[in-house]
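# Reading the structure
Here is what each chain is made of, one letter per residue.
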Amino acid sequence: MLGLDVDHPALLFLLALALLPLGALPLRGAALPSVAMVPHDGLSIAVSLGIRLAGTFAIGALVLGLAGLNLKAREVERIGSGANLMLLIDRSASMDNTFADRAPGAGEESKSAAAKRLLTEFLGRRPRDRIGIAAFSTSPIPVLPLTDHHEAVAAAVAAIDRPGLALTDVGRGLALALDSFDASAASGGSRAVLLVSDGAAVIDPRVQAALRDSLKRSPVRLYWLFLRTVGSPGIFDKPRVPGEDTPQAMPERHLNLFLASLGVPYRAFEAGSPQAVADAIAEIDRQESQPIPYLERIPRRDLTRLCYGLAAAASALLLAARLAERGLGARRRTATDLPGIDTRRAA
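Every value quoted in this text rests on a predicted model; they were computed, and no experiment measured them. (Residues numbered from 1 in each chain as written. Predicted model: local features only at pLDDT ≥ 70, side-chain atom pairs only at ≥ 80, totals over all residues. Heavy atoms only, no water.)

### So, the pairing of strand 7 (residues 221-227)
Convention followed: Burial here depends on accessible area, computed with a 1.4 Å probe over protein chains only, as a share of the maximum for the residue type. Under 20% is buried, over 50% is exposed, and the range in between is partly exposed. Under the scheme used here, helices are H or I runs from DSSP no shorter than 4 residues and strands are E runs no shorter than 2 residues, and both carry numbers assigned from the N terminus. Whether two strands pair depends on DSSP finding at least two bridges between them. Handedness is read with the strands pointing away from the viewer; a crossover is right-handed when the path from the first strand over the helix to the second is clockwise.
Among the seven residues that make up strand 7, six are buried, leaving the element largely enclosed by the rest of the structure. Here strand 6 (residues 190-197) runs beside strand 7; their pairing, made up of six bridges, is parallel. Among the inter-strand pairings, Val-193 is bridged to a residue of strand 7, identified as Leu-222. For the handedness criterion, the β-α-β arrangement of strand 6, helix 6 (residues 205-217) and strand 7 is classed as right-handed. One ladder, built from six bridges, connects strand 7 with strand 8 (residues 266-271); its direction is parallel. Opposite Tyr-223, over in strand 8, you have Arg-267 as the bridge partner.

### Examining the side chain of Asn-70
What counts here: Every residue pair with non-hydrogen atoms within 4.5 Å of one another is taken to be in contact.
Tracing the chain through its elements places Asn-70 in strand 2 (residues 69-71). What makes Asn-70 buried here is its relative accessible area of 1%. Discounting residues that sit within four places of it in the chain, Asn-70 has contacts with Gly-3, Leu-4, Asp-5, Val-6, Asp-7, Arg-300, Arg-301, Asp-302 and Leu-303.

### Observations regarding the nonpolar core
Where we set the bar: Definition of nonpolar core: a set of buried residues of the types Ala, Val, Leu, Ile, Met, Phe, Trp, Tyr and Cys, connected through side-chain atoms within 4.5 Å.
Grouped together as the largest cluster of nonpolar side chains are 30 residues, with contacts concentrated most on Leu-87, Leu-119, Ile-133, Val-157, Leu-194, Leu-225 and Val-277. It is helix 3 (residues 111-124) that provides the largest number of residues to this core, a total of six residues. For Leu-119, the residues in contact, after removing those within four places along its chain, are Ile-89, Val-157, Ile-160, Leu-194 and Ile-281. Residues Leu-146, Leu-174, Val-207 and Leu-262 belong to the second largest nonpolar core, which totals 29 residues.

### What about a nonpolar patch on the surface?
The line we're drawing: Note that patches include only residues with greater than 30% relative accessible area and no salt bridge, and the join distances are 9 Å for like charges and 5 Å for nonpolar side chains (Val, Leu, Ile, Met, Phe, Trp, Tyr). Values of accessible area rely on a 1.4 Å probe in the Shrake-Rupley scheme; residue burial ignores everything except the protein chains shown. Think of a salt bridge as a Lys or Arg side-chain nitrogen and an Asp or Glu carboxyl oxygen that are within 4 Å of each other.
There is a patch of nonpolar side chains on the surface, built from Leu-19, Leu-22, Leu-49 and Leu-53 and spanning about 400 Å² of accessible area. For Leu-22, a relative accessible area of 45% puts it in the partly exposed group.

### Regarding the packing of aromatic side chains
Rules: Between 30 and 60 degrees the pair is tilted, below 30 it is stacked and above 60 it is edge-to-face, where a pair is any two Phe, Tyr or Trp rings, Trp via its six-membered ring, whose centres lie within 6.5 Å. Whether a charge sits over a ring depends on NZ of Lys or CZ of Arg being within 6 Å of the ring centre and within 35 degrees of the ring normal.
In total, this model carries two aromatic pairs according to the counting rule given. Summarising the aromatic geometry, the rings of Tyr-223 and Phe-269 are spaced 6.5 Å apart at their centres and angled 25° between planes, so their arrangement reads as stacked. With Tyr-223 in strand 7 and Phe-269 in strand 8, this residue pair connects regions lying 46 residues apart in the sequence. Just as Tyr-223 is buried, Phe-269 falls in that class too. The ring centre of Phe-181 lies 5.0 Å from the NZ or CZ of Arg-191, which sits over that ring.

### Re the pattern of salt bridges
In this structure the tally under the stated criterion is eight salt bridges. Linking Arg-217 and Asp-213 is a salt bridge whose minimum nitrogen-to-oxygen distance equals 3.1 Å. In this pair, Arg-217 and Asp-213 are both assigned in helix 6, four residues apart and thus about one turn of the helix distant. We classify Arg-217 as exposed; its relative accessible area is 60%. By relative accessible area, which is 41% here, Asp-213 ends up partly exposed. Each member of the salt-bridge network shares a partner with another, and the members are Arg-228, Asp-237 and Glu-270.

The following block contains the structure:
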């Protein structure tokens, strides 16, 4: 039940030696004809029993240490409050610019650096989420599967402000994010994809069909955090000229319309500054707080040092008892023990 295991089970037969202190102790015997007439002394009985048990414990702990006692790696089911959340992050070259669409200067943040800072704060408020990370540029990039090891998640988020790549293939990036939900994510708790991007592109019709099919089989919540560059078209803007309302002319608007048509809960946030990004992430944080069962993996724990430490403590107790041992014979009386005799005057 405790998940105990040993590396060398053949050595466990030596545990039989732990019974030796119950039969005999390495203490000096008393040269007395009989102790039958001596009244029972509770303290002496307790001390004698304690010394025997210490000997048994010392041998047993030493044998378990030699056998390599350990707690096996195991998975424990937990109930938290959060979500199974996939972060889908745009790694195109435009993310390296500021919201003003220029290279960052003194005191300025690029869009990717702002996203990194705010996502790190977001993750710090959600210790019970299972989080995965995917990215996309010219091609989709798997970064980290769904996990409850937030140190790994934080390390992956810390790398999203590296120099970006070329183009923006958001369609295949979404397909990768949806395929990242494993069987345990379907057992309970909400499932969500958070798309962080500063633009969009035309999604191939075959990819659109694959996305619709995937969401019918396994629905998730969709969030799009659009990092809008100053002066660029927004996702809610309507075309000024009817002929311009095409995916090629207004890809962000049509990506928003496509995501809204998928039949799953969807919400888009348009942010034109780091503060607007922070407000959008805070809103997502409030919405994705539901009970979620998850499996926490507990790594193997080596108990040999603990066994050796307990064996040393029990052996130290036995050594103290051995050093404190005194004989029961009459002590030889010297001249200094005789009453009424002043040894200095006698000298």
